[in-house]
Amino acid sequence: MIEFRSVSKQFPDGTLAVDDFSLTIPSHRTTVLVGSSGSGKTTLLRMINRMVDPTSGAIEIDDVDIASLEPVKLRRSIGYVMQNSGLLPHRKVVDNVATVPLLRGVPRKTARADALALLDTVGLDRALADRYPSQLSGGQQQRVGVARGLAVNPNILLMDEPFGAVDPIVRAELQQELIRLQTELGKTVVFVTHDVDEAFLLGDQVVILQEGGRIAQIGSPADILANPANDFVASFVGADRGKRALHVERSDGRDVLVDSDGRLAGVLVGDAVPGQARVTP
Amino acid sequence: MNWAWTNLDLIWDRTIDHLILSVPPIILSFVIALPLGWLANRYRLSRGVILTASGLLYAIPSFPMFIVLPALVGTTLRSPLNLVIALTIYGVALMVRVVADGLASVDVDVQRSAVAVGFSTWTNFWQVELPLAGPVLLAGLRVVAVSTVSLATVGAVIGAQSLGSLFTDGFQRGIQAEIIAGIVATVLLALLLDGALVAAGRIALPWTRLRKTSKVETAT
Amino acid sequence: MTIFGAAIAWILDAANYTGAGAIPGRVLEHLGFTFLTLVVASAIAIPFGFAIGHTGRGRGLAVAVSGGLRAIPTLGLLTLVALWIGIGLGAPYVALTVLAIPPILAGAYAGFEAIDRGAIDAARAVGMSEAQILGQVEIPLGLPLLIGGLRSAALQVVATATLAAYVADFGLGRYLFSGLKTRDYAQMLGGSILVVVLALALEGIFAMIQRIVVPRGVATSRLPVDRARSARPRPGMESAITKGNR
C-alpha cells in the first residue's frame, strides 16, 4: 500500500506542481493517474521512488516513510517503466533487462538466465536477447522496458506513460499484454497517462487530476462514468458526448447502442447487471 | 601600456595589414564553400570525398602550409597573396562541413512542400534551403572569422606583416607590452568582425530575431 | 617539381640522420612534447568536463572561458610566456597546455550532453548510483566526443609545437626556422612535409580510435530521430570541438 499524506511539491523555478495531495494506492491493484499536462501526474509518480522529493508532506510504502530510505536502494526495489523505454543504447537487450539484478549483486549467469525468462514473460522472442535496443521496434523496446521493470520481481511497478510513443495498434497490443501480465503477477501498479481510454481500460482505481495535482475524482472506471463528480470530470472523460454518451435504439427487433453523433456503437447483448458496466464494443 | 600609446600608429598600420590578410579569406571561404557544401550534402559519394578532403586540409598545420604553398602554386613566400590563399583553404575546409550540415538540418517536410508547390532545384536552394540554413551558416562563418583573424598572426614568423608582427618584434626586443598590445588588438579585431557578422545576420535573417524562447517544460 | 625533389632529397639525406638535430630525434621530440602536453591538459580538463556534463552546472562559464582562450592567438601566447619564463621548453609547455584544454573540456562535457536524457533518467530511476551512472552510462556513451576533443587538441598542439621552435630549440619546427634564416628552401620544405605527414598520421590514428570507441548498439542507431531528441540544447557544441587555431 502506498500512501500520499498532504504532499506538496514546488520546483526551484516556483512552479507548484503538486499542492496538498493525499491518496491511498491499494496493493495488488492497478491505479491510474490521469490528467492533462501540468496536472502533476508524473511528478507524483516520481515521488514514489524518490526521483523527486516532496517539499512537504510524506509518502509511505507499507507504513514506512520513504524519506527515511536510501533513494538508490529504494529505486532498486521498485520497477520503473518510462516512455521511450529509456534503455541503455550500448547494452544488449538481455543486459538491459539484467541491469538492476546485476547492480544488486546477482551473479551474471543467474541474472542473464532470469532476463531470458523475463523476455518470455513479456512476450518477446529470445532471439532478440543479443540485439541492441536500436535494432528493435518501438513496441519491442517498450516490452524490454517492462521486462527490465520486472527484473527484480518488485512489489511495485511504476509506469510513466509507457505506451505513449508507440502507434495505436501496437499500443492496444501492449495494453492487452499488460492486463494479462497483471492478472498473472498481481503487482501494485501505478500508471500515469493522459489518455482517458487507457486509464479506463487498465485501471482498477482511476484518479483524475486537475492542475496542481488536485484530485477531481477517484473511483473505478464505472463509478466515474456513471457519476462524474463535476463538469470538469464529465467533460474530461467525455461522458456527455461522442462514443461515451450512448442510448438504446430498436433496430430489426434488437437493441442497438447509438452514440450522440448517431453512429452505431454496438449491440446490447444482455440486460443490465447491477455493478457491471461493460459494453461489448 | 605606455608602449601602446606611443606606438598607436604602428598598431594601426599592422591592424590594416591584418584586415587585408583576413577579410578576403573570410568572404572567399563562404563563397567557395557554398557550392562545395551543397554538393557534399546532395550526393553520398561527393559527401565522403569532399568532407574527408576538407578534414585533411584542416589538419595541416599553418606554418608548414605557408611554406608548402609557394612550391605548389608559385606564390612568393612573404606575399599577402600566399597567406590569403592559405587562410582561404582553412576557411573553406571549416565552412564546407558547416554548409553541408546546415543544409542537412533544413526540415525535410519544408523541402518536400517546396518541391511539391513547384520550386525548381535552383530556386529551392536560394529561396528555401539557404535562408533556412542561414543561422547555422552564420554560426559557422563566425567561427571562420575568429579563427582566420587568429591564424593570420602566424604569418609573422615567415615575415608577412600583420598584428602577429607585434609578437615576433616584441619577443626579439623583449617588449612585453608590445606582445600584449598585439594580443589585445587581435582579440578586439576578432570581436569586431564577429559583431559585424552578427549584425549582418540580423539584417539578412530577420525571422531569427522573432524566435520566442520556449518555456522550460516542467514535469507533469 | 624540382623544389619538391630537393625537399625529398633533404629528407632522405643520410647526413640528416646523425648528430645533433637529426630527423628521428626531432620527430620524437615533437611527438613526446605533443603527448605530454595532451596528458597534462587531459588531467586538468577531463575531470572538469565530466563534472560539468554530469551536473549540467558551470557550462556557461566553461564555454566563456574556452571561447576566450580560443580567441587568443597562439603565437602571441607563446612569445609572451617565453618572455616571462625565459627561452626553453617551459614556455611552450605552459602555452600549449593552456591551448589544449578548451577542446578536451568541450569534448568531455559535450559527450555527456549528447546522451539521450531518457537513458540517464531511467538509469537513475532503476537505482543506479551517481557513480554508476557516470561509469556505466555517461563515460562509455560520451567517449566518442571526448576522443573527438582530444583529436582537435592533438592537431592544435602538433601545429603549435612547430611554432614553438621559435622560442625553444626543439622539434621539427627548427628545420623551418633555420631554413627561413639561411634561405634554405629545401630544408624548410622538407621539414614542412615532415610536420604535415606527422599531423595527418595523428589525424588518421585519432579518426580510427574515435570510430573504435563508439559503443556497438550506438553505431547502429545513428538515426536523425535519435539525434533530434538528444538531451539539452547544445548550441555551438560542434564549433567548440572542431574549431581550433594553430
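We now turn to the structure provided with this report. Nothing here was measured: the structure is a model prediction, and the numbers come from that model. (Residues numbered from 1 in each chain as written. Chains lettered and ligands numbered in written order. Predicted model: local features only at pLDDT ≥ 70, side-chain atom pairs only at ≥ 80, totals over all residues. Heavy atoms only, no water.)

This next bit is on the overall build of chain C. Regarding its fold elements, chain C presents eleven helices and zero strands. Evaluated residue by residue, chain C yields a buried proportion of 55% over its 246 residues. Within chain C, contacts between residues at least 6 apart in sequence are counted, and of these 78% link residues at least 24 apart. (Helix = DSSP H or I, 4+ residues; strand = E, 2+ residues; numbered from the N terminus. Buried < 20%, exposed > 50% of the residue type's maximum accessible area, 1.4 Å probe, protein only. Contact = heavy atoms within 4.5 Å.)

In the case of a regular strand, side chains alternate between the two sheet surfaces. Residue and element names in this part refer to chain A. Pairing geometry for strand β11 (residues 247-251) and strand β12 (residues 254-258), over five bridges, is antiparallel. Each residue of the ladder has a partner; that of His 247, found in β12, is Val 258. The turn linking β11 back onto β12 is made up of two residues, and Asp 252 within it adopts a positive phi angle of 50 degrees. Pairing analysis gives three bridges linking β12 to strand β13 (residues 264-267), with the strands arranged antiparallel. Paired with Val 258 across the strands is Leu 264, a residue of β13. (Pairing = 2+ DSSP bridges.)

In this assembly, 23 residues from chain C lie in contact with 22 residues from chain A. Approximately 1900 Å² of surface area, both sides summed, lies buried where chain C meets chain A, with 62% of it carried by carbon and sulfur atoms. Of all residues in chain C, the largest losses of buried area upon contact with chain A belong to Asp121(C), Ala125(C) and Val126(C), amounting jointly to 27% of the total for that side. On the surface where chain C and chain A come into contact, there are one salt bridge. A salt bridge links Arg46(A) to Asp121(C); its shortest N-O distance comes to 2.7 Å. Inspection of the chain C/chain A interface yields six residue pairs in polar contact (both at pLDDT 80 or more). Here the side of chain C that touches chain A gets seven residues from one element, more than from any other, and that element is helix α6 (residues 117-125) of chain C. (Buried area = accessible area lost by both parts, 1.4 Å probe. Salt bridge = Lys/Arg side-chain N within 4 Å of Asp/Glu carboxyl O. Polar contact = N/O pair within 3.5 Å; in protein donor to acceptor, adjacent residues only side chain to side chain.)

Moving on, we come to the environment of Ala229(A). Position of Ala229(A) relative to the elements: it lies in the loop between α9 (221-226) and α10 (231-237). Residues Ala229(A) and Ile218(A) lie eleven residues apart in sequence; the distance between their C-alpha atoms is 9.1 Å.

Turning to the pattern of salt bridges, a few remarks are in order. Residue and element names in this part refer to chain A. Here the structure, examined in full by the defined rule, presents 26 salt bridges over all chains. Between Glu 177 and Arg 143 there is a salt bridge, with the nearest N and O atoms lying 3.6 Å from each other. Of the two residues, Glu 177 sits in helix α7 (residues 168-185) while Arg 143 sits in helix α6 (residues 138-150), which places them 34 residues apart along the sequence. One continuous salt-bridge network, built from bridges that share partners, spans Arg 143, Glu 173, Glu 177, Arg 180 and Glu 184.

With that settled, the discussion passes to helix α7 (residues 121-152) of chain B. Between its first and last C-alpha, α7(B) extends only 37 Å over 32 residues, short of the 46 Å set by a 1.5 Å rise per residue. For α7(B), the principal kink sits at Gly134(B) and spans about 55 degrees; a proline, Pro135(B), occurs within the next four residues. (Expected span 1.5 Å × (residues − 1). Bend = angle between axes of the 7 residues up to and from the residue.)

Residues and elements named next belong to chain A. If you walk across this open sheet you meet the three strands as β11-β12-β13, and the pairing is antiparallel. Since the sheet does not close on itself, it has two edges, and those belong to β11 and β13, each with one partner. Put simply, the sheet's adjacent strands are angled 40 degrees from each other on average, direction ignored. (Axes fitted to C-alpha atoms, helices over the stretch in contact; angles between N-to-C directions.)

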